[in-house]
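One letter stands for each residue in the lines below.
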Amino acid sequence: MIERLGVPPVTNEAQARIYASSINDRHRDAASAWIAQGAVAGEPGADVEGRERRRYARHPINGITELWFQGRSAPCRLVDLSPGGARVVPDGVEPVPGTAVRVALPEAGIRDATVVFRNKAGVGLEFADRPAAA
């Protein structure tokens, strides 16, 4: 059913529940990313009951950095950072979930990542070389 609809991005709780019960890992990951951003419970990183679901603690940062994707670069604001990912607010571009990107990080250099969500708060990135456990 999801494939027939063109795999639209998850935008509400009912859609997240459908994606979460899919046999496809990408669909389940999209549902998890939406829930992890607190779209259901109203709290970033919370599940439907409001429990913390992030694997890694996020640390707030307010800095300017650069994001590269699809052969172009864009300045962006680094909002938060963890061993597993980051949240950035790109200037003038909005890569969609599933897009491979590179991001420059303070003291960590350039990291490969994948966009896992996009919302009003920015773009969530999951690092390709994230640690196996928190």
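A. Examining the overall build of the protein chain more closely. A tally of regular secondary structure across the protein chain gives two helices and six strands. The order of α-helices and β-strands along the protein chain, N terminus first, is α-α-β-β-β-β-β-β. Looking at the protein chain as a whole, 37% of its 134 residues are labelled buried. At a minimum sequence separation of 6, the contacts of the protein chain that also span at least 24 residues come to 36%. Total accessible area computed for the protein chain in this model is approximately 8000 Å², and 51% of it derives from carbon and sulfur atoms.

B. Inspection of a nonpolar patch on the surface at higher detail. On the surface, Met-1, Leu-5 and Ile-18 cluster together into a nonpolar patch covering about 350 Å² of accessible area. Tracing the backbone through its elements, the reader meets Ile-18 in helix α1 (residues 13-20). A relative accessible area of 38% means that Ile-18 is categorised as partly exposed.

C. A look at α1. For α1, the set of buried residues is Gln-15, Ala-16 and Tyr-19. When α1 is viewed along its axis, its buried side chains cluster within an angular range of 100 degrees and face the same direction.

D. Inspection of the side chain of Thr-65 at higher detail. Within the secondary structure, Thr-65 is located in strand β1 (residues 59-69). Polar contacts involving the side chain of Thr-65 include one to the main-chain carbonyl oxygen of Ala-104, which spans 2.2 Å. With sequence-adjacent residues up to four places away left out, Thr-65 is seen in contact with Ala-74, Pro-75, Cys-76, Leu-78, Val-103, Ala-104 and Leu-105.

E. Structural detail: the environment of Ala-57. With respect to the secondary-structure elements, Ala-57 resides in the loop between α2 (25-36) and β1. C-alpha of Ala-57 to C-alpha of Leu-81: the two residues are 24 residues apart in sequence and 8.4 Å apart in space. Residues within four places of Ala-57 in sequence aside, it is in contact with Leu-81, Ser-82 and Pro-83.

F. The arrangement of the packing of aromatic side chains in detail. Tallying each qualifying case throughout the model produces zero aromatic pairs. Note that Arg-111 overlies the ring of Phe-127, its terminal NZ or CZ placed 4.0 Å from the centroid.

Conventions and cut-offs
Residues numbered from 1 in each chain as written. Predicted model: local features only at pLDDT ≥ 70, side-chain atom pairs only at ≥ 80, totals over all residues. Heavy atoms only, no water. Helix = DSSP H or I, 4+ residues; strand = E, 2+ residues; numbered from the N terminus. Buried < 20%, exposed > 50% of the residue type's maximum accessible area, 1.4 Å probe, protein only. Contact = heavy atoms within 4.5 Å. Areas by Shrake-Rupley, 256 points an atom, 1.4 Å probe, with all protein chains shown as cover. Patch = residues over 30% accessible without salt bridge, like charges linked within 9 Å, V, L, I, M, F, W, Y side chains within 5 Å. Salt bridge = Lys/Arg side-chain N within 4 Å of Asp/Glu carboxyl O. Arc of directions from axis to C-beta. Polar contact = N/O pair within 3.5 Å; in protein donor to acceptor, adjacent residues only side chain to side chain. Phe/Tyr/Trp six-rings, centres within 6.5 Å; stacked < 30°, edge-to-face > 60°. Lys NZ or Arg CZ within 6 Å of the ring centre and 35° of its normal.

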